[in-house]
Amino acid sequence: MLQKFITRGYNNMTDFLPFALPDIGEEEIAEVMDSLRSGWLTTGPKAKRFEQDFAAFIGGGVEAIAVNSATAGLHLALEAVGINTGDEVITTPYTFTATAEVVRYLNAHPVFVDIDPNTFNIDPAKIEKAITPRTKAIIPVHFAGLACDMDRILKIARKHGLKVVEDAAHALPTTYNRKLIGTFDSDATVYSFYVTKTIATGEGGMVVLTNKQIAERCRVMRLHGINRDVFNRYSSKKPSWHYEVVAPGFKYNMTDIAASLGIQQLKKAGAFQKRRSEMAAYYDKAFDGLPVMLPPKAPEGDVHAWHLYVLRLGDEVSVSRDRFIELMAEKGIGCSVHFIPLHLQPYWRDTYNLKPRDFPNALAVYERAVSLPLYTKMSGKDQARVVDTIREILE
Ligand SMILES: Cc1ncc(COP(=O)(O)O)c(C=O)c1O
């Protein structure tokens, strides 16, 4: 359904400007064709190469483990760091449901704390207040591609002996204190290559980490709990079909077809970010004087991945946010909202008895937020059209 929404009009050759589109070039197509011709459709040499390339891209001696989604990666990471029944994991309500649902996969409970209204990221001061004897981990989400305050989060985690699994679904490439997200002293960092993300493999994700034991557990659980080491260790007496299942694992491996896309997309990640950041600056300038609030910026010298450009309508704007999006759609422009905070969603609201005002900052941002189209396939003309349409609606 989402894919249909995203690409609506594009395939029909109407002038509908979709909210998001992947930027797939001839290099990606050639790499996929190469895999198809090789016969390696599932996990094989391309997945391995993508992992190596990704680890080299992040740097700092990390290991990279390719998976079929960020959701899978977050689940694997939490399982590997030992999250278990009854544990509490602190995270933000201003995220996609995947961030919190993986906690429930392990029969643990997400504990939501509000965002900082200046960054839309989890407020470290509120994390500390939410810690109980059951708290085991924190999942910071680098919303829209802007880094969380990792110094403060890691300090709190160390003080209380908590694990940290970073949700970096939006954050390739993002820096904090001039260092790439993925190189910090957390237990794991998880990226998404879903079709709308800054690099896309259709579906896909990557777990990045340095701890060898956690990495090994993620690898084993990624493929049915099969201890791959036996492949390397089996004696000449054991036949080649032999393997050992050491845990009830999952089916989270990345195919070589997806990895082919990833290998070529990763080479463009820097150029994509540069273009996205130019486009964000163009929007900022163009909205000068309009009754809107611009998205939070990265501190001087740091990189914002600009996965999303979230504009907020000022209080003086009489048209509602929902009506604004309808008007944009009527003019042929796809917009979205990131996010409907989790505490407003029926499952989370009812399971944890949450009220809209429990997280006033998340609620206030959400009520006026509109994500505008921002992707490298957009032309200057497309962007000018978005700006003109917004001016027309607001003036
Ligand atoms: C913040 C956040 N975390 C996790 C995910 C899950 O990513 P995936 O679709 O790769 O499982 C998303 C996807 O949109 C997301 O926005």
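The coordinates are above.
Summary of the structure given here. Everything numeric here is computed off the predicted structure, so don't read it as measured data.

### Observations concerning the pairing of strand E8 (residues 188–192)
Extensive coverage of E8 is indicated by the burial of five of its five residues. Across the two faces of E8 the burial is the same, with Ala 188, Val 190 and Ser 192 and Thr 189 and Tyr 191 all buried. In this structure, strand E5 (residues 163–167) lies alongside E8, joined through three bridges in parallel fashion. Bridge assignment links Val 165 to a residue of E8, and that residue is Ala 188.

### Brief notes about the sheet that holds E5
Hydrogen bonding along the main chain pairs the strands of a sheet, whether they run parallel or antiparallel. As summarised here, the arrangement of the seven strands in space is E1-E9-E8-E5-E4-E2-E3, forming an open sheet in which the pairing is mixed. Edge positions in the open sheet fall to strand E1 (63–67) and strand E3 (109–112), since each of these has one partner strand only. Strand-to-strand twist in this sheet, taken as the mean axis angle between neighbours without regard to direction, amounts to 25°. Note that strand E2 (residues 88–91) and strand E4 (residues 135–139) share four bridges and pair parallel. If you follow Ile 90 over to E4, its bridge partner there is Ile 138. Contacts from helix H4 (residues 70–80) reach E1, E4, E5, E8 and strand E9 (205–209), with the element oriented near 165° to E8. Each of E4 and E5 touches helix H7 (residues 150–160); the most contacted strand, E5, lies at about 150° to it.

### Points about the sheet that holds strand E10 (residues 292–293)
Strand order in this open sheet of three strands is E10-E11-E12, and the pairing throughout is antiparallel. Each end of this open sheet is capped by a strand with a single partner; those strands are E10 and strand E12 (369–372). Where strand E11 (residues 309–313) lies against E12, four bridges are found, and the strand directions are antiparallel. In the sheet register, Arg 312 faces E12, and the bridge partner there is Ala 369.

### A few points about the site of the ligand
What surrounds the ligand is a group of 16 residues, the closest being Thr 71, Asp 167, His 170, Ser 192 and Lys 197. Thr 71 places a polar side-chain atom, nitrogen or oxygen, 2.5 Å from an oxygen atom of the ligand. Separating an oxygen atom of the ligand from a side-chain N or O atom of His 170 is a distance of 2.8 Å. For the ligand, whose free accessible area comes to 400 Å², the fraction covered by protein is 92%. At the level of secondary structure, the elements contributing two or more residues to the shell around the ligand comprise H4 and helix H5 (97–105). Classifying every residue of the shell around the ligand by side-chain character gives seven nonpolar, seven polar and two charged.

### Examining a nonpolar patch on the surface
Residues Ile 24, Ile 29, Met 33, Leu 36 and Leu 41 make up a contiguous nonpolar surface patch of roughly 400 Å² in combined accessible area. For Met 33, the position within the fold is in helix H2 (residues 26–38). Owing to a relative accessible area of 35%, Met 33 belongs among the partly exposed residues under this scheme.

### Some points on the nonpolar core
Formed by 43 residues in total, the largest nonpolar core has its most connected members in Phe 50, Phe 54, Met 150, Tyr 191 and Met 206. Among the secondary structure elements, those contributing two or more residues to this core are helix H3 (45–58), E1, helix H6 (124–130), H7, E9, helix H10 (256–267) and helix H11 (269–286). Setting aside residues no more than four positions away along its own chain, Met 150 makes contact with Pro 140, His 142, Val 164, Glu 166, Tyr 176, Ile 181 and Phe 184. By size, the runner-up hydrophobic cluster in this structure holds 30 residues, among which are Leu 21, Met 279, Tyr 309 and Leu 394.

### Considering the packing of H3 against H10
Look at H3 against H10: their axes get within 8 Å of each other, and the N-to-C directions meet at 30°. Considered as vectors, H3 and H10 are oriented roughly parallel to each other. Note that H3 runs across H10; the crossing there is left-handed. Two secondary-structure elements touch here, H3 through Pro 45, Lys 46, Ala 47, Arg 49, Phe 50, Asp 53, Phe 54 and Phe 57 and H10 through Asp 256, Ala 259, Ser 260, Gly 262, Ile 263, Gln 264 and Leu 266. Tallied by class, residues from the contact of H3 with H10 come to eight nonpolar, three polar and four charged.

### Focus: empty space enclosed by the protein
Across all of its chains, the model carries three cavities of 30 Å³ or more by this definition. In this structure, the largest cavity encloses a volume near 160 Å³. Taken together, 21 residues make up the lining of the largest cavity; nearest its centre are Leu 21, Thr 196, Lys 197, Arg 276 and Tyr 375. Here the lining of the largest cavity is built from residues that sort into 13 nonpolar, five polar and three charged. Counted as a void, the second largest cavity has a volume near 60 Å³. Contributing to the lining of the second largest cavity are Thr 119, Phe 120, Phe 143, Ala 144, Leu 146, Pro 295, Pro 296, His 304, Trp 306, Leu 308 and Val 310. Classifying every residue of the lining of the second largest cavity by side-chain character gives nine nonpolar, two polar and no charged.

### Observations regarding the packing of helix H12 (residues 321–330) against helix H15 (residues 380–394)
Helix-helix packing is characterised by the crossing angle of the two axes and by the distance between the axes. Close contact between H12 and H15 brings their axes to 10 Å; oriented N to C, the two are set at 130°. Comparing their axes, H15 and H12 come out oblique. Between H12 and H15 lies a crossing whose hand is right-handed. For the pair formed by H12 and H15, the contact residues are Phe 324, Leu 327 and Met 328 on the first element and Val 386, Thr 389, Ile 390, Ile 393 and Leu 394 on the second. Counted by class, the contact of H12 with H15 contains seven nonpolar, one polar and no charged residues.

### Examining the pairing of E11
Most of E11 is tucked away, with five of its five residues classed as buried. Judged by which residues are buried, E11 turns out to be covered on both faces: Tyr 309, Leu 311 and Leu 313 on one side and Val 310 and Arg 312 on the other are all buried. In this sheet, E11 lies alongside E10 in antiparallel orientation, the contact comprising two bridges. Bridging from a neighbouring strand, Val 292 pairs with Leu 313 of E11.

Cut-offs used in this document
- Residues numbered from 1 in each chain as written.
- Predicted model: local features only at pLDDT ≥ 70, side-chain atom pairs only at ≥ 80, totals over all residues.
- Heavy atoms only, no water.
- Buried < 20%, exposed > 50% of the residue type's maximum accessible area, 1.4 Å probe, protein only.
- Helix = DSSP H or I, 4+ residues; strand = E, 2+ residues; numbered from the N terminus.
- Pairing = 2+ DSSP bridges.
- Axes fitted to C-alpha atoms, helices over the stretch in contact; angles between N-to-C directions.
- Contact = heavy atoms within 4.5 Å.
- Near = heavy atom within 4 Å.
- Polar contact = N/O pair within 3.5 Å; in protein donor to acceptor, adjacent residues only side chain to side chain.
- Areas by Shrake-Rupley, 256 points an atom, 1.4 Å probe, with all protein chains shown as cover.
- Nonpolar A, V, L, I, M, F, W, Y, C, P; charged D, E, K, R; others polar.
- Patch = residues over 30% accessible without salt bridge, like charges linked within 9 Å, V, L, I, M, F, W, Y side chains within 5 Å.
- Salt bridge = Lys/Arg side-chain N within 4 Å of Asp/Glu carboxyl O.
- Core = buried A, V, L, I, M, F, W, Y, C linked by side-chain atoms within 4.5 Å.
- Parallel < 35°, antiparallel > 145°, perpendicular 65-115°, else oblique.
- Left-handed = near helix turned anticlockwise from the far one by under 90°.
- 1 Å grid on protein atoms, 1.4 Å probe; cavity = no way out; pocket = protein on both sides within 12 Å on 5 of 7 lines; lining within 4 Å.
- Points joined across faces, edges and corners; volume = space filled by probe spheres on them.

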